Amino acid sequence: MVKPTRHIASINDLSKTEITGIFDLAQTYLDTLHDPILPYRVARSCDAASGAVLATLFYEPSTRTRLSFESAMLRMGGRVISSADSGASSAAKGESLADTVRVVSNYADVIVVRHPRDGAARLAADYCSVPVINGGDGSHEHPTQTLCDLFTLNKRNSSFKNLNVAISGDLRGSRTIHSLVYALARFGANIILMPAKGLELPSHVFNRLRDEMHCRMTPAQSENGHASIDALYVTANAPHQLSLIPEGVDIHVRMTSRVDAVYVTRFQKERSGGKIENTYPTVNAEFLSDAKYSNASVMHPLPRVGELDQSMDTDKRATYFEQAAYGVPIRMALISALLGLQNNHLLKSYDGGFPSSKALSIDQHLDAGIQCQNANCIVHDTLEQPYVRSKFSLISSVPERSKLRCVYCETDIEHFVVGNVETRKFTANVAQINAATSRQLKQFVFFKDDQAALARDYRSGDPLNAGR
Ligand code: NCD
């Protein structure tokens, strides 16, 4: 039996209030336990988590995430068990993640999972009776890195609102960026995208920023050797304010006259077949000599492999080692919040561990019809197939562009058809689903396209009407 508990699979599993609550608690840990010379370094321990056990279950290489989680737990007087080499665990014998977390949840009070498959953390959460924290799942998300990134930004700026944050490098494969852009958008920062050519933000992330997080896009440009720059203008959770921006104002110029932070990332070669087709942007003193970067914090989730010049290390704008140091107090605060240590009630609790979505949820057997189209999604992992289903949310924030979002990896499917198992009719007109009763909703089955529906003996027509 799986006991409902809170899990962090995405940065969007935390409300803004909860995120700022975590920052306050992290600051309290820093205030009380910091190194007298280095204020960002936790140097002493407390007993806040004494008796508690943290498990790190890592199926991919890691230095910062795993060790800072472990350090955080040890600094709070807790204990740590670690599976850092999947070759030395039962995964090598063919054990699924779903079974592993069910076992490990009886050994630990909180589990951090890192996995090469998108959506792995969400699957683990489905089978885990203690909190699961996503330590990075494929190219999907890395929510705790984002907490460190935001905490660093917060230290150097009075507010996130209208902060101009430029993001450079592999925007397609960097999970840290996907969590970060969602959070920046939700807090009302402006995001300047500086992708390496061919490594642009995935379209489902871009569209979600536009349709659900009220980002307004300005046109792409070319600058400083970067292939393209798209600027997104974000109106902090107040879509109606969009109309308050007068037509014709050149928002791109206005917002890029001052860049507050440059977030650099490495090419994620492990997720791109190892080859880069175009030149990769490097950030060095020359790039940062432009006046608009004069006060920009230079950030990087690390490791760096050439895209951020070492000569920057002594520059006062360099913040990446401090950013990595905040991994300890931030993760102390997150563990404390999830375990409710010292009676803190920072996090709300939800049935099932996740806030219930307002979207219609679709849950069909893997063989029933449409499957997630992201080849790296955990649903396609043969080891996990007995434990997953085709689960989607029907996202209708823009009704004429309704889409199916995979519950695990959150990739969207924009084109699909819906059939009714009783009437055996299917349609591409998804708007019709909105007219369905809850009994009828259970009868729907989703297919990739007309051919897939026809192959299952469905006929084109109104799925709610057996006659026509
Ligand atoms: C990142 C990761 O694993 O996604 N590293 C980290 O956790 N700080 C970034 C990277 O590997 O490039």
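Since we're looking at a predicted model, the values are computed, not measured.

Procedures and definitions
Residues numbered from 1 in each chain as written. Predicted model: local features only at pLDDT ≥ 70, side-chain atom pairs only at ≥ 80, totals over all residues. Heavy atoms only, no water. Helix = DSSP H or I, 4+ residues; strand = E, 2+ residues; numbered from the N terminus. Rg over C-alpha atoms; globule rule 2.2 N^0.38 Å. Buried < 20%, exposed > 50% of the residue type's maximum accessible area, 1.4 Å probe, protein only. Contact = heavy atoms within 4.5 Å. Lys, Arg positive; Asp, Glu negative; His and termini not counted. Charge placed at Lys NZ, Arg CZ, Asp CG, Glu CD. Pairing = 2+ DSSP bridges. Axes fitted to C-alpha atoms, helices over the stretch in contact; angles between N-to-C directions. Near = heavy atom within 4 Å. Polar contact = N/O pair within 3.5 Å; in protein donor to acceptor, adjacent residues only side chain to side chain. Areas by Shrake-Rupley, 256 points an atom, 1.4 Å probe, with all protein chains shown as cover. 1 Å grid on protein atoms, 1.4 Å probe; cavity = no way out; pocket = protein on both sides within 12 Å on 5 of 7 lines; lining within 4 Å. Sits in = over half its atoms within 2 Å of the grid points. Nonpolar A, V, L, I, M, F, W, Y, C, P; charged D, E, K, R; others polar. Phe/Tyr/Trp six-rings, centres within 6.5 Å; stacked < 30°, edge-to-face > 60°. Lys NZ or Arg CZ within 6 Å of the ring centre and 35° of its normal. Salt bridge = Lys/Arg side-chain N within 4 Å of Asp/Glu carboxyl O. Parallel < 35°, antiparallel > 145°, perpendicular 65-115°, else oblique. Left-handed = near helix turned anticlockwise from the far one by under 90°.

Draft legend 1. Region of the structure containing the overall build of the chain. Secondary structure summary: the chain contains 12 helices and 18 strands in total. Taking 468 residues into account, the globule formula puts the C-alpha radius of gyration at 23 Å, and the chain, at 23 Å, falls close to it. Taking the principal axes of the C-alpha coordinates as reference, the chain spans close to 80 × 60 × 40 Å. Each of the 468 residues in the chain was classed as buried or not, and the buried ones make up 56%. For the chain, long-range pairs separated by at least 24 residues make up 70% of all intrachain contacts whose partners lie at least 6 apart in sequence. Distance between charge centroids for the chain: 2 Å, based on 50 positive and 49 negative side chains.

Draft legend 2. Highlighting the sheet that holds strand E14 (residues 412–413). If you walk across this open sheet you meet the four strands as E11-E12-E13-E14, and the pairing is antiparallel. Lying at the two open borders of the sheet, with one neighbouring strand each, are strand E11 (360–364) and E14. When strand E13 (residues 403–406) meets E14, the two strands line up antiparallel, connected through two bridges. Note that in E14 the partner of Arg405 across the bridge is Asp412. Relative to the sheet, helix H7 (residues 203–212) contacts strand E12 (390–395), E13 and E14, its axis offset from that of E13 by approximately 120°.

Draft legend 3. Summary view of the site of the ligand. Looking at the ligand, the residues that line it are Arg64, Thr65, Arg114, His142, Gln145, Arg175, Thr176, Arg266, Gln268, Pro301, Leu302 and Pro303. One of the side-chain nitrogen or oxygen atoms of Arg114 is found 3.1 Å away from an oxygen atom of the ligand. A distance of 3.1 Å is found between a nitrogen atom of the ligand and a side-chain nitrogen or oxygen belonging to Gln145. When isolated, the ligand has an accessible area of 320 Å², and the protein chains bury 94% of it. A majority-of-atoms criterion places the ligand in the second largest pocket. For the shell around the ligand, the secondary-structure elements that each account for two or more residues are helix H2 (64–75) and helix H6 (175–186). Residues belonging to the shell around the ligand are distributed by class as follows: three nonpolar, five polar and four charged.

Draft legend 4. Main features of the packing of aromatic side chains. In this structure the tally under the stated criterion is nine aromatic pairs. On the numbers, 5.9 Å between centres and 50° between planes, the contact of Phe416 with Phe446 is tilted. Of this pair, Phe416 sits in the loop between E14 and strand E15 (417–420) while Phe446 sits in strand E17 (residues 444–447), and the two are 30 residues apart along the sequence. The rings of Phe23, Phe151 and Tyr326 are connected pair by pair, giving a single aromatic cluster. Across the ring face of Phe354, the terminal group of Arg122 is positioned such that the distance to the ring centre comes to 3.4 Å.

Draft legend 5. Representation of the side chain of Glu307 in the model. For Glu307, the position within the fold is in the loop between strand E10 (297–299) and helix H9 (320–325). Buried charged residue Glu307 carries no salt bridge. Nearest counter-charge: Arg266, at 6.6 Å. Of the polar contacts made by the side chain of Glu307, one reaches the side chain of His300; its length is 2.6 Å. What Glu307 contacts, discounting residues up to four positions off in sequence, is Val264, Thr265, Arg266, Tyr280, Pro281, Thr282, Val283 and His300.

Draft legend 6. The packing of helix H1 (residues 16–33) against helix H10 (residues 327–339), seen in detail. Relative orientation of the contacting elements H1 and H10 amounts to 120°, with a least axis distance of 8 Å. As judged from the angle between their axes, H1 and H10 are oblique. In the packing of H1 onto H10, the handedness of the crossing is right-handed. Contact residues: H1 offers Ile22, Phe23, Leu25, Ala26, Tyr29, Leu30 and Leu33, while H10 offers Pro329, Ile330, Met332, Ala333, Leu334 and Ser336. A breakdown of the residues in the contact of H1 with H10 according to their chemical character gives 12 nonpolar, one polar and no charged.

Purely geometric stuff here, so don't read any function into it on its own.
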